[in-house]
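Remarks on the overall topology
Here is what each chain is made of, one letter per residue.
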Amino acid sequence: MPNKSIVAAVRTTPETVLEDYARLMELSGYKSQFDPKATTILKNNISWHLLYPSANSTPWQVEGVTKKLTADGFSDQVVVENRTVVTQAKKGEHLNNFTPVHEKYGLPVKYNFDPRDMRWVTYEPKGKMLVLDQIYPNGIRIPDFFFGRNVVHLPTLKTHIYTDYTCAMKNAFGALLDKSRHYCHPQIHETLVDLLRIQLEIQSGTLAVADGTTCGSGPGPRTMTPVVKNLLLASTDQVAIDAVCAKLLGFDPMDVTCIRLASEGELGHGHLDDIELVGDMDTQELKKTDWEFVVGDNAASAVGDLFWFGPLKPLAKLFFQTPIVNTFIMASFLYHDYFWYPTEGWGRVQSWLDDTEWGQHFLTYGNPFEKQRRTGLRSLFPARDS
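On a predicted model such as this, the values are computed, not experimentally measured, just so you know. (Residues numbered from 1 in each chain as written. Predicted model: local features only at pLDDT ≥ 70, side-chain atom pairs only at ≥ 80, totals over all residues. Heavy atoms only, no water.)

1. Some points on the overall build of the protein
- Scanning the protein from terminus to terminus reveals 15 helices and twelve strands.
- The C-alpha atoms of the protein give 20 Å as radius of gyration, which agrees with the globular expectation for 386 residues (21 Å, within 12%).
- For the protein, the spread of C-alpha atoms along the three principal axes comes to 55 × 50 × 45 Å.
- For the protein, contacts bridging at least 24 residues in sequence account for 75% of all contacts bridging at least 6.
- Roughly 15,400 Å² of accessible area belongs to the protein as shown, and the carbon and sulfur atoms make up 51% of that amount.
- With 38 positive and 45 negative side-chain charges, the protein shows a spacing of 6 Å between the two charge centroids. (Helix = DSSP H or I, 4+ residues; strand = E, 2+ residues; numbered from the N terminus. Rg over C-alpha atoms; globule rule 2.2 N^0.38 Å. Contact = heavy atoms within 4.5 Å. Areas by Shrake-Rupley, 256 points an atom, 1.4 Å probe, with all protein chains shown as cover. Lys, Arg positive; Asp, Glu negative; His and termini not counted. Charge placed at Lys NZ, Arg CZ, Asp CG, Glu CD.)

If you want it as structure tokens, here you go:
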């Protein structure tokens, strides 16, 4: 591992964002880490299939990255998406305006849950696992499509109810584990470190390109307050970019368990003194920056806290690894999609669309809401003047 890791930071505007992504990636030095003959996976982040600023990758993030990769000779690209027990990948593509970008650049999309696209294989890690071999005693299963590929993670900068922050390391959680990954929540930090070790073993190269045009503060990864920050980050060191993200949000990186464990395991640099920030921000400015984001709680996360980290933890396997889990899945789906979003979330989305430059820029990719209203989902997408 080098003495220092580079994290690129570039300030941006809607008018210059595609060029800014190109400069960001150039500063990251990713080309020296990637295999020019390998397929490059764009692993986006759909934390919520509904549009919610800061929860998901942005269309300009996907467009900026694919344009730069193609210009640099990495033209063999494919988008890979995953599902969770409460999100729908294809619906998320449409509502978050990924589809127009995929169509414009001829980007194929593969789904890690579709056996026509990839198979799940049992993998025996070369390095010592912290918890995954215990959580999955019958074998750790990951998608075969990630072996020997370059991977670009496309997270956003936001808080998270179980890890305080979320960025590059958490993006692999959906990519490499199937829908049983909620088994890992009680040991989420150790799980992320194990997944990082696996990525370093199987992937040709890994780059994280994080969008902070609109960031999220609150009970993430969904029910947050969107905050415009106009910042982009990139690094081939997932620990280092996560440390920078955590510090910006207001956390001491070494107080975040997954960052500390990954740093101690020499999987990347988590100490700010071991990170060289290049571009439009340096390390000294970073150390003085604190966005004062807060995590908070909501109804759904409070239940998780009780069973995964609180006094009901001994019952976690009974409630989350048996058919009883379907009750919690349905409750979460109804709470987020049919209570919180129409009563609280949609107003925040509408304010973002109407009152921010990024919201206006989003609509230049198309208006995905008209079709939803025509199909009858009026409670989720009230009429708006646009």
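Anyway, onward from the coordinates.
2. Structural notes on the environment of Asp144
- If you trace the backbone, Asp144 turns up in the loop between strand 6 (140-143) and strand 7 (150-154).
- Judged by its relative accessible area of 23%, Asp144 is partly exposed.
- Along the backbone, Asp144 and Asn112 are 32 residues apart, and their C-alpha atoms lie at a distance of 9.3 Å.
- In this view, Asp144 contacts Met118, Arg119, Val121 and Arg149; residues no more than four positions away in its chain are not counted. (Buried < 20%, exposed > 50% of the residue type's maximum accessible area, 1.4 Å probe, protein only.)

3. A short note on the packing of aromatic side chains
- Within this structure, the stated rule accounts for 17 aromatic pairs.
- Measuring from ring centre to ring centre gives 6.3 Å for Tyr341 and Trp346, while their planes differ by 45 degrees; the resulting arrangement is tilted.
- The exposure class assigned to Trp346 is buried, which follows from its relative accessible area of 3%.
- Summarising the aromatic geometry, the rings of Trp352 and Phe362 are spaced 5.9 Å apart at their centres and angled 55 degrees between planes, so their arrangement reads as tilted. Taken as a pair, Trp352 in helix 13 (residues 325-355) and Phe362 in helix 14 (residues 357-363) lie far apart in primary sequence, ten residues in all. Both residues of the pair, Trp352 and Phe362, count as buried.
- An aromatic cluster is defined as three or more aromatic residues linked by ring pairs; in this entry it consists of Trp48, Tyr52, Trp340, Tyr341 and Trp346.
- Across the ring face of Phe145, the terminal group of Arg149 is positioned such that the distance to the ring centre comes to 4.2 Å.
- The positively charged end of Arg222 is found above the aromatic ring belonging to Trp48, 5.7 Å away from the centroid. (Phe/Tyr/Trp six-rings, centres within 6.5 Å; stacked < 30°, edge-to-face > 60°. Lys NZ or Arg CZ within 6 Å of the ring centre and 35° of its normal.)

4. A few points about the packing of helix 7 (residues 188-202) against helix 9 (residues 257-264)
- Taken N-terminus to C-terminus, the directions of helix 7 and helix 9 make an angle of 40 degrees; their axes are 8 Å apart at the nearest point. What the angle tells us is that helix 7 and helix 9 run oblique. In the crossing of helix 7 with helix 9, the sense of the turn from one axis to the other is right-handed. Every residue of helix 9 that contacts helix 7 at His189, Glu190, Leu192, Val193 and Leu196 is listed here: Thr257, Cys258, Leu261 and Ala262.
- Of the residues in the contact of helix 7 with helix 9, the class split is six nonpolar, two polar and one charged. (Axes fitted to C-alpha atoms, helices over the stretch in contact; angles between N-to-C directions. Parallel < 35°, antiparallel > 145°, perpendicular 65-115°, else oblique. Left-handed = near helix turned anticlockwise from the far one by under 90°. Nonpolar A, V, L, I, M, F, W, Y, C, P; charged D, E, K, R; others polar.)

5. Here we look at the nonpolar core
- Core analysis: the largest hydrophobic core is formed by 66 residues, its most contacted members being Leu157, Tyr165, Met169, Leu233, Leu248 and Ile259.
- Broken down by element, this core gets its largest block of residues, nine residues, from helix 8 (residues 238-249).
- With residues up to four places along the chain from it excluded, the contact list for Ile259 reads Tyr165, Val239, Asp242, Ala243, Ala246, Pro253, Met254 and Gly270. (Core = buried A, V, L, I, M, F, W, Y, C linked by side-chain atoms within 4.5 Å.)

6. Some details on the pattern of salt bridges
- Within the structure shown, the criterion is met by eleven salt bridges.
- Taking the shortest distance from any N to any O, the salt bridge between Glu26 and Lys68 comes out at 2.6 Å. With Glu26 in helix 1 (residues 17-28) and Lys68 in helix 2 (residues 59-71), this pair connects stretches of sequence that are 42 residues apart.
- Accessibility expressed as a relative area gives 39% for Glu26, which makes it partly exposed.
- Ionic contacts of the salt-bridge type, sharing partners, join the residues Glu26, Lys31, Lys68 and Asp72 into one network. (Salt bridge = Lys/Arg side-chain N within 4 Å of Asp/Glu carboxyl O.)

7. Digging into the packing of helix 6 (residues 168-176) against helix 7
- Contact pair helix 6 / helix 7: the axes reach a minimum separation of 9 Å and the direction vectors enclose 75 degrees. The orientation of helix 6 relative to helix 7 falls into the category roughly perpendicular. On helix 7, the residues that touch Met169, Lys170, Ala172, Phe173 and Leu176 of helix 6 are Ile188, Thr191, Leu192, Val193, Leu195, Leu196 and Gln199.
- A per-class count over the contact of helix 6 with helix 7 returns nine nonpolar, two polar and one charged.

8. Brief notes about unusual backbone geometry
- Of note, the bond from Gly220 into Pro221 is cis; its omega dihedral lies within 30 degrees of zero at 15 degrees.
- As for its position among the elements, Pro221 is in the loop between strand 10 (205-217) and strand 11 (225-235).
- Even without being glycine, Asp164 reaches a positive phi, approximately 75 degrees.
- Tracing the backbone through its elements, the reader meets Asp164 in strand 9 (residues 164-166).
- At Glu266, a residue that is not glycine, the phi angle is positive and equals roughly 60 degrees.

9. Focus on the side chain of Asp194
- Along the chain, Asp194 turns up in helix 7.
- Buried Asp194, no salt bridge; nearest opposite-charge side chain is Arg197, N-O distance 5.5 Å.
- From its side chain, Asp194 meets the backbone nitrogen of Leu130 in a polar contact 2.7 Å long.
- Of note is the side chain of Asp194, whose polar atom sits 2.8 Å from the backbone nitrogen of Val131.
- In this structure Asp194 touches Lys128, Met129, Leu130, Val131 and Leu132, once residues within four positions along its chain are discounted. (Polar contact = N/O pair within 3.5 Å; in protein donor to acceptor, adjacent residues only side chain to side chain.)

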